[in-house]
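Summary of the model geometry
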Amino acid sequence: MNFRLHLQYDGTDFHGWQTQKGQRTIQGELTRVLSLLDDREIIIHGSGRTDAGVHAEGQVASLKLNRDIRPEKLRNAINGNLPRDVRIFFADVAADDFHARYSARSKTYIYRVVHGPVSSPFWSRYALQEASVLNLDKMRSCTRLFLGEHDWTAFSAAQADAESRVRNVMSCEIDDRWDARGRCHLIEFRITANGFLRYMVRSIVGTLLAAGRSEIDNQTIERAIQGGDRQLVGATAPAHGLTLKSVQYD
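The structure displayed is predicted, hence computed values, not measured ones. (Residues numbered from 1 in each chain as written. Predicted model: local features only at pLDDT ≥ 70, side-chain atom pairs only at ≥ 80, totals over all residues. Heavy atoms only, no water.)

Within helix H5 (residues 218-227) the residues assigned to the buried category are Asn218, Thr220, Ile221, Ala224 and Ile225. On an axial view of H5, the arc spanned by its buried residues comes to 165 degrees, and they lie on one face. Turned more than 90 degrees off the buried face of H5, the exposed positions are Arg223, Gln226 and Gly227. (Buried < 20%, exposed > 50% of the residue type's maximum accessible area, 1.4 Å probe, protein only. Helix = DSSP H or I, 4+ residues; strand = E, 2+ residues; numbered from the N terminus. Arc of directions from axis to C-beta.)

The way to describe two aromatic rings as a pair is by their centre distance and the angle between their planes. Applying the stated criterion to the full structure yields five aromatic pairs. Consider the rings of Trp152 and Phe155, whose centres lie 5.8 Å apart with planes at 75 degrees: the pair is edge-to-face. For Phe155, a relative accessible area of 1% puts it in the buried group. Aromatic ring contacts, followed pair by pair, group Phe146, Trp152 and Phe155 into a single cluster. For the cation-ring pair, Arg24 lies above Phe14, with the distance from its terminal atom to the ring centre recorded as 3.9 Å. The cationic tip of Arg181 hangs over the ring face of Phe122; the distance from NZ or CZ to the ring centre is 3.9 Å. (Phe/Tyr/Trp six-rings, centres within 6.5 Å; stacked < 30°, edge-to-face > 60°. Lys NZ or Arg CZ within 6 Å of the ring centre and 35° of its normal.)

Here the focus is the nonpolar core. Ranked by internal contacts, the top residues of the largest apolar core, which has 72 residues, are Leu5, Leu7, Leu30, Ile78 and Phe189. Judged by nonpolar contacts, the second largest core, of five residues, contains Trp123, Ala127, Cys184 and Leu186. (Core = buried A, V, L, I, M, F, W, Y, C linked by side-chain atoms within 4.5 Å.)

Here the focus is helix H3 (residues 136-143). For H3, the set of buried residues is Leu136, Met139, Cys142 and Thr143. Seen along its axis, H3 keeps its buried residues to an arc of 120 degrees; they face one direction. Contacts made by the buried residues of H3 are with strand E8 (166-179), strand E9 (184-193), helix H4 (200-212) and H5. Of the residues flanking the start of H3, the one acting as N-cap is Asn135, its side-chain oxygen 3.2 Å from the backbone nitrogen of Asp137. (Contact = heavy atoms within 4.5 Å. Polar contact = N/O pair within 3.5 Å; in protein donor to acceptor, adjacent residues only side chain to side chain.)

A word on the side chain of Lys107. As for its placement among the helices and strands, Lys107 is situated in strand E5 (residues 104-115). Of the buried charged residues, Lys107 lacks a salt bridge, with Asp51 as the closest side chain of opposite charge at 11 Å. One polar contact links the side chain of Lys107 to the main-chain carbonyl oxygen of Ser47, over a distance of 2.5 Å. Setting aside its immediate chain neighbours within four residues, Lys107 contacts Ser47, Gly48, Ile191, Thr192, Ala193, Phe196, Leu244, Ser246, Val247 and Gln248. (Lys, Arg positive; Asp, Glu negative; His and termini not counted. Salt bridge = Lys/Arg side-chain N within 4 Å of Asp/Glu carboxyl O.)

Our focus in this paragraph is the layout of surface pockets. Estimated volume of the largest pocket: approximately 1200 Å³. If you trace the largest pocket, you find 41 residues lining it, with Gly48, Arg49, Arg101, Asp161 and Phe196 closest to the centre. Taken together, the residues that form the lining of the largest pocket break down as 17 nonpolar, 15 polar and nine charged. Lining the second largest pocket are Gln8, Tyr9, Asp10, His55, Ala56, Glu57, Arg112, Phe122, Trp123, Tyr126, Arg181 and Thr243. Within the residue set of the lining of the second largest pocket, elements represented by two or more residues are strand E1 (2-9) and strand E3 (55-64). (1 Å grid on protein atoms, 1.4 Å probe; cavity = no way out; pocket = protein on both sides within 12 Å on 5 of 7 lines; lining within 4 Å. Points joined across faces, edges and corners; volume = space filled by probe spheres on them. Nonpolar A, V, L, I, M, F, W, Y, C, P; charged D, E, K, R; others polar.)

This is the structure in structure tokens:
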């Protein structure tokens, strides 16, 4: 049976999604637990490979089991053997041709920034603190530059192994609000695309923050996108502020 899992994790103490020898990873933990349930090594596929320190509120994974088991029982059995920083919220039976990565149509990431001189301990693991004055209007005016289909070489890791660096960004928005629990001004960058390159969201956010600090202008961003020059973009934002929000399927 082909199963689809919806999961969340705090990525702080993980070395990313993908299994790596000698490292604690999300895929590694799930493989360990699932192999106990099916008495063989299970291959589990995620919708994408989140990097070390990146979190997920809506990650999707798929796997095939020989064992006949109800989805609710599968969810409970996995959670009963997982550490507390990763949890399966839903499990269901998927079509035989469903694949968490290749069936995905788009993904949405959120990057969170605490804007102010003090960061609450409730946000310290999940949001970047930015104490500098930011011009939100200027940052929002820059978001339109990131929309559409482009080659994102300037906004990706040099070692990105994708065959093509062309991606279609469907939405790039900036929201800000007062967060009562953290007693802080919280800025959220929400970006949706049909796919992402390694460090792409964090590089876009770092560039928008640089624009907000008046360190970079719209023309420079346009030149970076068109020419693929990494030297023109802002510093890549740290991993801990990034969360995979959701994955969209047909």
